[in-house]
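Residues per chain, in single letters:
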Amino acid sequence: MTTQQLEKQVRDEGSVRAALRSPRRLKTEILAGTVVALALIPEAISFSIIAGVDPRVGLFASFTMAVTIAIVGGRPAMISAATGAIALVVAPLSREYGMDYLIAAVLLAGVLQIVLSLLGVAKLMRFIPRSVMVGFVNALAILIFMAQLPHLIGVPALVYPMVAVGLLIIVLLPKLTTAVPSPLVAIVLLTAATVVFALNVPNVGDQGELPSSLPSWLIPDVPFTLETLSIIAPFSLAMALVGLLESLMTAKLVDDITDTHSNKTREGWGQGVANIVTGIFGGMGGCAMIGQTMINVKVSGARTRISTFLAGLFLLILAVVLGDVVALIPMAALVAVMIMVSVGTMDWHSIAPKTLRRMPRSETLVMLATVAVTVATHNLAYGVIVGVVTAMVLFARRVAHVTEVVDIAHPDENTRVYAVRGELFFASSNDLIYQFDYVGDPENVVIDLSDSHIWDASTVATLDAITTKYAAKGKNVDIVGLNSASSERHVRLSGRLGAGH
C-alpha cells in the first residue's frame, strides 16, 4: 500500500460520511458511544458532587459538552464532558456564591477560551515542559482522591466494606471480561445490594435532585457589575486555562494513538463554544476527558465525531429516563469509582525510585513544584503556571552556566583577543562583565562572538558597559564575529539603552 493510500485510509477512518456508508464502522461508533455514555454517568455525578452542585448539573454539562464538541471540535472521537479538573476549579465559587455565579463563570470561561484560541494559545503548548504535564496529571489525581475524603469520614461503618467491594470489582472484573465497563458493574451490584438488603448508607439522592426533564435555557440571575466580574473572572480564567490545557494535551495524545493530525486551534475555540452552550443550559462546564477518550478511541476503536455525539445523547436518555434508579446509587460506589480514577490518573512511573534516581533534579523539582502548588491552592492553573516558571528559571540557570570567556590570542603586545562561547541573555550576560581584565589588558581588546548569540537587550547593555569600562582606562574594544541576527540587534540597541539597563 502506497503512502497516499495509507493517508486516504486514515482520513476515511475519521470521516463521518465514510462511517455512515460502512455498517461495520457505524456499528463500532454506536457501541463506542454507548459504552462511553454508561461510563460517563457515575463520573458526571461524582464530579458534580466535587463541585458542590446537584448531580443533574454535571449530567447536563456532560451531555451538552459532548454533543457540542462533536460538532465544533477539532479532534474527532475525543470525549468532552464535566471533568474533575473543572469541578475542582469551580467548587469554591459554587460553595461561596451559589449556582448563578457558577453559570456566569462558565459562560465567561467559554468566551475567554474562544478569544485565547483565536490569539494562538494552542501554539503555546510546545512551551509546556513534560515535567509540568506530569505534575499536572499527578496533582489532578491527588485532588480527586482528596475530594473523596468527606464521603469517608463520619459515615456509617458499612460504607467502608462497600467501598472495598467496589474497588475489588473495578480491579478484578477486567481480568475476566471487558464487555461492560467494570465501574458500571460495581455501581449496579452495590446499588442492587443496597436496595435488596435495605442498607442505610448515603446515596446519590441525598446529594440533590436528579433531572426529570430535558435541560432548559438558563440566564444567570447575577448583577451585571464590575463587582460580579471581579468575583467570577479569576475562576473563569482558571477554567479556561485548565480546560484548554487538558483538552489540548488529550488531543495530542489521540493524535499519537491514531496517527492523525487534529486542528488544535479549532479544538480550543470549540471548547469555548461548548462551554457557552453548557452554561446556557445550566451545566457546570467541562473539557476533554482523558479516561473516557481512551475508552472511546483505544478500547472501543472509535474514530469519528459520531461516537462523541452519541455518547452525549445516550447519556441524556439514561439520566432522564432512569433518574429514579440513579438516585438509589450508594455514594460508596461512586467513591470507589473516583478512587480508581485517581489511581489510574496518577503517573506512577514518574514517582518510582528508579525514575527519580535517573531523572535530573531540575526535572523532578519542576514536577514537585507543580504538584505542591496545585494541591495547596486546589487550582490546577496556578500549579501549571508555577511549574512553567520554575522550569524556565532552572533552564536559564543551567544555560547561563555554560557561557565562558577564553583568552585565545595575543597578535601583538598591544592586542588581546577574547572568545566568548555560549548563549548570551540576561542570566548569562550579567556575569560577563566580570570576566575581563580591565586594568591588565593592553590598549587594544578584541571580543570574538563567533561562538555566541545575542538574544536580548541585557546582553547589548552588558557589552556597552564592558566597552565603557575599557574606555575609562583609555583602551579600545572591537567586537567581532557577530552573526547576522546578533549584529542587527547590537547595532539597533547599542548606545541607546541608557545607564543601568
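Residues numbered from 1 in each chain as written. Predicted model: local features only at pLDDT ≥ 70, side-chain atom pairs only at ≥ 80, totals over all residues. Heavy atoms only, no water.

Asks: How do you make sense of the overall build of the chain when you look at a structure like this?
Replies: Counting its regular elements, the chain contains 21 helices and 6 strands. Each of the three principal axes of the chain carries a C-alpha extent, and together these read 100 × 60 × 50 Å. By sequence separation, contacts in the chain at least 24 residues apart represent 82% of the contacts at least 6 residues apart. Surface summary for the chain: the accessible area is close to 23500 Å², and the carbon and sulfur share equals 64%. One finds the centroid of the 34 positive side-chain charges in the chain at a distance of 8 Å from the centroid of its 35 negative side-chain charges. (Helix = DSSP H or I, 4+ residues; strand = E, 2+ residues; numbered from the N terminus. Contact = heavy atoms within 4.5 Å. Areas by Shrake-Rupley, 256 points an atom, 1.4 Å probe, with all protein chains shown as cover. Lys, Arg positive; Asp, Glu negative; His and termini not counted. Charge placed at Lys NZ, Arg CZ, Asp CG, Glu CD.)

Asks: Help me out: how do you make sense of the packing of aromatic side chains in this one?
Replies: Each aromatic ring pair is specified by the distance between its two centres and by the angle formed by the two planes. On inspection of all chains with the given rule, the structure shows 7 aromatic pairs. Arranged with centres 4.8 Å apart and planes meeting at 80°, the rings of Tyr418 and Phe436 form a pair that is edge-to-face. With Tyr418 in strand 4 (residues 415-424) and Phe436 in the loop between helix 19 (426-429) and strand 5 (444-454), the pair connects residues that are 18 residues apart, well separated along the chain. With respect to class, Tyr418 is no different from Phe436; both count as buried. Ring geometry for Phe436 against Tyr470: centres 6.4 Å apart, planes inclined by 75°, an arrangement best described as edge-to-face. Highlighted residues: Phe436 in the loop between helix 19 and strand 5 and Tyr470 in helix 20 (residues 457-472), separated in sequence by 34 residues. The buried category is assigned to Tyr470, whose relative accessible area is 0%. Members of the aromatic cluster, each reached through a chain of ring pairs, are Tyr418, Phe436, Tyr438 and Tyr470. (Phe/Tyr/Trp six-rings, centres within 6.5 Å; stacked < 30°, edge-to-face > 60°. Buried < 20%, exposed > 50% of the residue type's maximum accessible area, 1.4 Å probe, protein only.)

Asks: Explanation requested: helix 17 (residues 361-377) in the structure shown.
Replies: Side chains of residues three or four places apart in an α-helix project in the same direction, reflecting 3.6 residues per turn. In this model, helix 17 (17 residues) spans 24 Å end to end at C-alpha, consistent with the 24 Å of a helix rising 1.5 Å per residue. Along helix 17, the residues classified as buried are Ser362, Thr364, Val366, Met367, Ala369, Thr370, Val371 and Thr374. Two residues or fewer after helix 17 comes His378, characterised by a positive phi angle close to 60°. (Expected span 1.5 Å × (residues − 1).)

Asks: Where do I start with helix 4 (residues 55-72) in this structure?
Replies: Over its 18 residues, helix 4 runs 26 Å from end to end, which matches the ideal 26 Å to within 8%, given 1.5 Å per residue. With 16 of 18 residues buried, helix 4 is to be regarded as a mostly interior element.

Asks: It is not clear to me how the pattern of salt bridges should be interpreted in this structure. Could you clarify?
Replies: If the charged atoms of two oppositely charged side chains come close together, the side chains can form a pair. One pass over the full model with this rule turns up 10 salt bridges. Across the pair Arg56 and Asp54 runs a salt bridge whose closest N-O atoms are separated by 3.7 Å. The partner of Asp407 in a salt bridge is Arg416, with the nearest N and O atoms 2.9 Å apart. Take Asp407: its relative accessible area is 32%, and that puts it in the partly exposed class. Overall, the relative accessible area of 17% leaves Arg416 in the buried class. (Salt bridge = Lys/Arg side-chain N within 4 Å of Asp/Glu carboxyl O.)

Asks: Sorry if this is basic, but what is going on with the sheet that holds strand 3 (residues 404-409) here?
Replies: Backbone hydrogen bonds are what pair the strands of a sheet, in a parallel or an antiparallel way. Strand order in the open sheet made by the 4 strands is 3-4-5-6, with mixed pairing throughout. For this open sheet the edge positions go to strand 3 and strand 6 (476-480), each flanked by a neighbour on one side alone. For this sheet the average axis-to-axis angle between neighbouring strands, irrespective of direction, equals 25°. Across 5 bridges, the pairing between strand 5 and strand 6 is parallel. (Pairing = 2+ DSSP bridges. Axes fitted to C-alpha atoms, helices over the stretch in contact; angles between N-to-C directions.)

Asks: Explanation requested: the pairing of strand 6 in the structure shown.
Replies: The two faces of the sheet receive side chains in turn, since in a regular strand these alternate between them. Here strand 6 shows one buried face, formed by Val477 and Ile479, and one open face, formed by Asn476, Asp478 and Val480. For the segment spanning strand 5, helix 20 and strand 6, crossover handedness is right-handed. (Right-handed = clockwise from strand over helix to strand, strands pointing away.)

Asks: Is there a simple way to think about the nonpolar core in this case?
Replies: Core analysis: the largest hydrophobic core is formed by 62 residues, its most contacted members being Ile45, Val163, Met284 and Leu334. For Leu334, the residues in contact, after removing those within four places along its chain, are Pro42, Ile45, Ser46, Ile49, Ile187, Val204 and Ile329. Counting 19 residues, the second-largest nonpolar core is a separate cluster that includes Val405, Phe436, Ile454 and Val460. (Core = buried A, V, L, I, M, F, W, Y, C linked by side-chain atoms within 4.5 Å.)

Asks: How should I be thinking about the packing of helix 7 (residues 130-146) against helix 17 in this particular structure?
Replies: When two helices pack together, you describe them by how their axes are tilted relative to each other and by the distance separating the axes. It is at 8 Å that the axes of helix 7 and helix 17 come closest, and there the two elements cross at 35°. As helix 7 runs across helix 17, the sense of the crossing is right-handed. On helix 17, the residues that touch Ser131, Val132, Val134, Gly135, Phe136, Asn138, Ala139, Ile142, Leu143 and Met146 of helix 7 are Glu363, Val366, Met367, Thr370, Val371, Thr374 and Val375. (Left-handed = near helix turned anticlockwise from the far one by under 90°.)

Asks: How should unusual backbone geometry be read in this particular structure?
Replies: Only a minority of non-glycine residues have a phi that is not negative, and only a minority of peptide bonds are not trans. Phi is positive for Ala77, which is not a glycine, with a value near 75°. On the basis of relative accessibility, which here comes to 2%, the residue Ala77 falls in the buried class.

Asks: Sorry if this is basic, but what is going on with the side chain of Asp255 here?
Replies: Topologically, Asp255 is positioned in helix 10 (residues 226-258). A relative accessible area of 8% places Asp255 in the buried class. Among all residues touching Asp255, those that are not within four sequence positions of it are Arg75, Thr260, His261, Ser262 and Lys264.

Asks: Help me understand the environment of Pro215 in this model?
Replies: Examined against the element boundaries, Pro215 turns out to sit in the loop between helix 9 (182-196) and helix 10. Judged by its relative accessible area of 14%, Pro215 falls in the buried class. In this structure the C-alpha to C-alpha distance between Pro215 and Met284, which are 69 residues apart in sequence, comes to 13 Å. Those residues in contact with Pro215 that sit more than four places away from it in its chain are Phe60, Phe63, Phe281 and Leu316.

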